[in-house]
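# Examining the three-dimensional arrangement
So the chains spell out like this:
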Amino acid sequence: MSKKYLKALIIAASIVAVFALIHSGCQQQKDVLSGSTADQVFVPPGSYDDFYLFTSGGFSGQVGVYGLPSGRLFRVIPVFSQDPEKSYGYSEESKPMLNTSFGFLPWDDAHHPELSQTNGIPDGKWLFINANNTPRVARIDLSTFTTAEIIEIPNSGGNHGSPFTTENGEYIVASTRFSIPIPNRDVPISSYKENFKGTLTFISVAKDGKMSIAFQILVPGFDYDLAHAGKGPSHGWAFFTSYNTEQANTLLEVNASQNDKDFVAAVNWKKAEEFIAAGNYKTMKATYYRNHFDEKKHMAFSEKNTDVKVLSPADCPGLIYYLPTPKSPHGVDVDPSGEYIVAGGKLATVIPVHSFSKMLKAIENEEFDGDAQGIPVLKYESVIAGEVENCGLGPLHTEFDGKGFAYTSAFISSEIVKWELGTWQVVDRIPTYYSIGHLNIPGGDSKKPWGKYVIALNKITKDRYLPTGPELTQSAQLIDISGDKMKLLLDFPTVGEPHYAQSLPADLVVKNSRKIYLIEENEHPYVTKAEKDARVERNGNEVHVYMTTIRTHFAPDNIEGIKVGDVVYFHLTNLEQDWDIPHGFAVKGARTAELLIMPGVTETYTWRPQFAGIYPFYCTDFCSALHQEMQGYIRVSERGSNVPISYKVGN
Amino acid sequence: MKKIINIVYTDIILISSILAIVGLMITACGGDSDKSGSDEFSNVQKTNPSGLSDFELKHGIGPIKKELKLGPIDEAKALEGEKIFESKCATCHKLDEKYTGPAQRNVLQRVSPEFFVNMVLNPDENTEKHPHAQEMLLKYNMQKMTNQNINVKDALSLLEYFRVLDRELKQKSTN
């Protein structure tokens, strides 16, 4: 190529480049102006998301942890179900977390995550979640993303309306979805109206997080569905929806859908405290467990409780009122100001919004419409602030953006409806895919929502994803609410059924995130704090192996003298003190799950060798360049053999 | 697989390539860098791809940025250091035999006190950038020295412990 041509080529290329620059400059500006959808959810590789999203794992019994706006899944926190990946419910240390009055339960159905609050605002300390099947509430520590405590709820047939917090975690509330005889006993099911009752439970939360059942309120045998505590002026009250005020015990889809109105129960819990202080309660015998994980001993402990304080509305005037609410209401949500109580009437054609101040006035003026089993029913007209018309079919749940708007999910018409507080006018609506249940706005059930997004939590996805056989994923959808019109940004699949979710700015959680457990603080009774102390001890047919891990070996890694019929406890201490370096442990043929031991932690693996031979064990979590070398052997001899215990690492 | 592992692998490949080339050069010149497998501090001046300062080349990268003024050995701190060594270091280092990492009794005859402290406190960056740490990585089966989250105070106690061991070595050799 001649110099002349080259020069011409360079000039031509420069001109093209300049044009391209001008052109792309314009393009980019246009994209920014119109708000490129992809840009709004794109988190560049290596960058952090702005928000954490915690979704309930539904029938998986776990909690999913996602980032927003990317929708990336970071972790599944085991809560109510065993998780072999993390040895939760398999290691000796974690098994007690799943103890109940029915014994060890490997599974439950998790529904509603709720972030702990300070002054009515999520503080990023804990996440609570309920077990629906065998009634319990769990507290997850957000510095470690592990389950710290689980408390069983006595006198409950199923814990659905739970665990919603008061402004400062004075209480976490719980209500019975299924009424049962209380105390539970053998009666004909047909004696429902006579024998079945519900309970509303108030769980107190101590400064360090410790939960205890403060008191229960015995209520008529309806189905209590969801709840939310008051805030601001309504702080001191809690609201519970109920359906099946017909008290049907069969074919509820027909028989519990007869009444035009069911109830929102308004409970004055400050008054309840007075009745408790005055001794106006009965102590009932009831067996329930509280399990907590000790972070220093690295193990869970169970304690059995045997009685509970129960308040009867008949003995406690002013404790509880019913607000008539159309029809078979599901969610009940309190707006950021604390004045409006929004109920989602599954079968209603409007969204009824009750006024807290009107309710107080109606109580003062005794504007009652009779009573339900002794509980005063307030007049609908006296408490209603407004009805949102044209609200979609099957309105379920409402969250708030803090700018005067409410967002309600409509299950049957698969949409989110945005409406204005005060005017009760619908201002926007957006379809969801499909069958939305709950929805969530960051801080959307608190005093100070962060807004920005609403997340639709969908039950059915049908044609939205590649098919995976008969069962398809459930999903979440991220919707931008920063403008006048809602805009769909992203679909992403979820772990189990995302009944409800909570979200908050990431920095509230990141700043507390734990990296390691200090080995100096390890108080596990079987800890091995130095490799020189690693050893094997026989005590009858029990063998205790005190084993350490570090990149990249076990100590000891050769063990002899184990016999068929022995029970071998491997107490592994991970001596690493570096972030993100757990070690795993597994033995061939052991009828349990692996261990996954965090830095500085001791965990125990139980093995009952069945046959003589040589058994390899190895690290299951890729830990270093020589991870594949992190292995060892155990020699198992026949019963009665005289091979002595011996062990070593290195030559 | 963990992000950290990826980093290790990329680093390993990169470091191996660099070291392979350096190694080639040295052997081509007839040099013998590994007499009887000793862990001598290498002549780092010749290879400084990370652009380290003279101080860093001599004393490692980390919180210790100027030479330590070492007074008489603090025996109490040395005892404390021995305990720390037992729990946090002895998993990989024996005093007199090659284990996961090098034998440690004579560490202060191999590296400066400042390098010792910087390596304990900042193994990741040293392994990434310091020629001696990189050479040790190759020699010790690509086992990156573990970051045990030791604080400065504890690292200085460890130093006192190794000063005691060093004193004993010197006494022996003069006897």
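Right above here is the structure, for reference.
Residues numbered from 1 in each chain as written. Chains lettered and ligands numbered in written order. Predicted model: local features only at pLDDT ≥ 70, side-chain atom pairs only at ≥ 80, totals over all residues. Heavy atoms only, no water.

Looking now at the interface of chain A and chain B. If you look at the interface, chain A gives 27 residues, while chain B gives 22 residues. Taking both partners together, chain A and chain B bury about 2,000 Å²; carbon and sulfur atoms supply 52% of that area. Sorting the residues of chain A by area buried against chain B places A:Q577, A:F622 and A:A625 first, and these three jointly supply 24% of that buried surface. One salt bridge connects A:E531 with B:K94, and the closest N-O pair in it is separated by 3.7 Å. Inspection of the chain A/chain B interface yields nine residue pairs in polar contact (both at pLDDT 80 or more). Broken down by class, the residue content of the side of chain A that touches chain B amounts to 13 nonpolar, five polar and nine charged. (Contact = heavy atoms within 4.5 Å. Buried area = accessible area lost by both parts, 1.4 Å probe. Salt bridge = Lys/Arg side-chain N within 4 Å of Asp/Glu carboxyl O. Polar contact = N/O pair within 3.5 Å; in protein donor to acceptor, adjacent residues only side chain to side chain. Nonpolar A, V, L, I, M, F, W, Y, C, P; charged D, E, K, R; others polar.)

Once that is clear, we can look at the environment of A:A206. Residue and element names in this part refer to chain A. Among the structural elements, A206 can be located in the loop between β13 (196-205) and β14 (211-220). The partly exposed category is assigned to A206, whose relative accessible area is 35%. Taking the C-alpha atoms as reference, A206 lies 7.9 Å from E170; in sequence the two are 36 residues apart. (Helix = DSSP H or I, 4+ residues; strand = E, 2+ residues; numbered from the N terminus. Buried < 20%, exposed > 50% of the residue type's maximum accessible area, 1.4 Å probe, protein only.)

To continue, consider the packing of aromatic side chains. If you walk through the whole model with that rule in mind, you get 37 aromatic pairs over all chains. Their ring planes at 15° and their centres at 5.8 Å tell us that A:Y52 and A:F54 sit as a pair that is stacked. Taken as a pair, A:Y52 and A:F54 share a single burial class, namely buried. Ring plane angle 85° and centroid distance 5.2 Å describe the contact between B:F41 and B:F115, whose orientation is recorded as edge-to-face. Here B:F41, found in the loop between α1 (3-28) and α2 (54-59), pairs with B:F115, found in helix α5 (residues 113-121); they are 74 residues apart in sequence, far enough to count as distant. Assessed through its relative accessible area of 24%, B:F41 is described here as partly exposed. Exposure remark for B:F115: the relative accessible area of 4% places this residue in the buried category. Three or more aromatic residues joined by ring pairs form one cluster here, namely A:F554, A:F570, A:F585, A:Y605, A:W607, A:Y615 and A:F617. Of note, A:R139 hangs over the ring of A:W126, and the distance from its end group to the ring centre comes to 5.1 Å. Sitting over the face of the ring of A:Y380, A:K261 holds its NZ or CZ atom 4.5 Å from the ring centroid. (Phe/Tyr/Trp six-rings, centres within 6.5 Å; stacked < 30°, edge-to-face > 60°. Lys NZ or Arg CZ within 6 Å of the ring centre and 35° of its normal.)

All names here are of chain A. Strand order in the open sheet formed by four strands is β21-β22-β23-β26, with antiparallel pairing between adjacent strands. Both edges of this open sheet fall to β21 (329-334) and β26 (384-388), since each of them pairs with a single strand only. Recorded for the sheet is a direction-independent mean angle of 20° between the axes of neighbouring strands. Strand direction decides the pairing type here: strand β23 (residues 351-355) and β26, joined by four bridges, are antiparallel. From the neighbouring strand, P352 faces β26, where its bridge partner is E387. Contacts from helix α6 (residues 356-364) reach β22 (340-345), β23 and β26, with the element oriented near 60° to β23. (Pairing = 2+ DSSP bridges. Axes fitted to C-alpha atoms, helices over the stretch in contact; angles between N-to-C directions.)

On to α6(A), then. Residue and element names in this part refer to chain A. Burial in α6 covers these residues: F356, M359, A362 and I363. Take α6 and look down its axis: the buried residues cluster within an arc of 120°, on one side only. Along α6, exposed side chains directed more than 90 degrees from the buried face belong to K361 and E364. Looking one or two residues beyond α6, the residue adopting positive phi is E366, at roughly 50°. (Arc of directions from axis to C-beta.)

A few words now on the side chain of B:E114. All names here are of chain B. Secondary-structure assignment places E114 in helix α5. Look at E114: it is buried, it has no salt bridge, and the nearest opposite charge is K58 at 8.4 Å. A polar contact is formed between the side chain of E114 and the side chain of H59, at a distance of 3.4 Å. (Lys, Arg positive; Asp, Glu negative; His and termini not counted.)

The next subject is the nonpolar core. Nonpolar side chains in soluble globular proteins tend to be buried together. All names here are of chain A. The biggest cluster of nonpolar side chains holds 30 residues, and the ones touching the most others in it are F202, F215, I217, F240, L311, L319 and Y322. No other element matches helix α5 (residues 269-277), which puts four residues into this core. Setting aside residues no more than four positions away along its own chain, F240 makes contact with V173, A174, S175, L200, F202, L226, A227, F263, V264, A265, V267 and V332. One finds V545, L572, F585 and C619 within the second-largest nonpolar core, a separate group that totals 28 residues. (Core = buried A, V, L, I, M, F, W, Y, C linked by side-chain atoms within 4.5 Å.)

All names here are of chain A. Along the chain, Y433 connects to Y434 via a cis peptide bond; the corresponding omega equals -15°. In this structure, Y434 sits in the loop between β30 (426-431) and β31 (436-440). Within the chain, L251 stands out as a residue other than glycine whose phi angle is a positive 45°. The topology assignment puts L251 in the loop between β16 (237-243) and α4 (252-255). One non-glycine residue, S435, lies in the positive phi region at around 55°. Checked against the element boundaries, S435 lands in the loop between β30 and β31.

With that out of the way, let us pick up the sheet that holds strand β32 (residues 453-458) of chain A. Residues and elements named next belong to chain A. The antiparallel open sheet is built from four strands, whose spatial order is β31-β32-β33-β34. At either margin of the open sheet sits one strand with a lone partner, and together these are β31 and β34 (487-494). Averaged over neighbouring strand pairs, the angle between their axes works out to 25° when direction is ignored.

Turning next to a nonpolar patch on the surface. Together, A:Y48, A:V510 and A:W579 give the surface a local cluster of nonpolar side chains, amounting to about 370 Å² of exposed area. By secondary structure assignment, the location of A:W579 is in the loop between β40 (567-574) and β41 (583-587). (Patch = residues over 30% accessible without salt bridge, like charges linked within 9 Å, V, L, I, M, F, W, Y side chains within 5 Å. Areas by Shrake-Rupley, 256 points an atom, 1.4 Å probe, with all protein chains shown as cover.)

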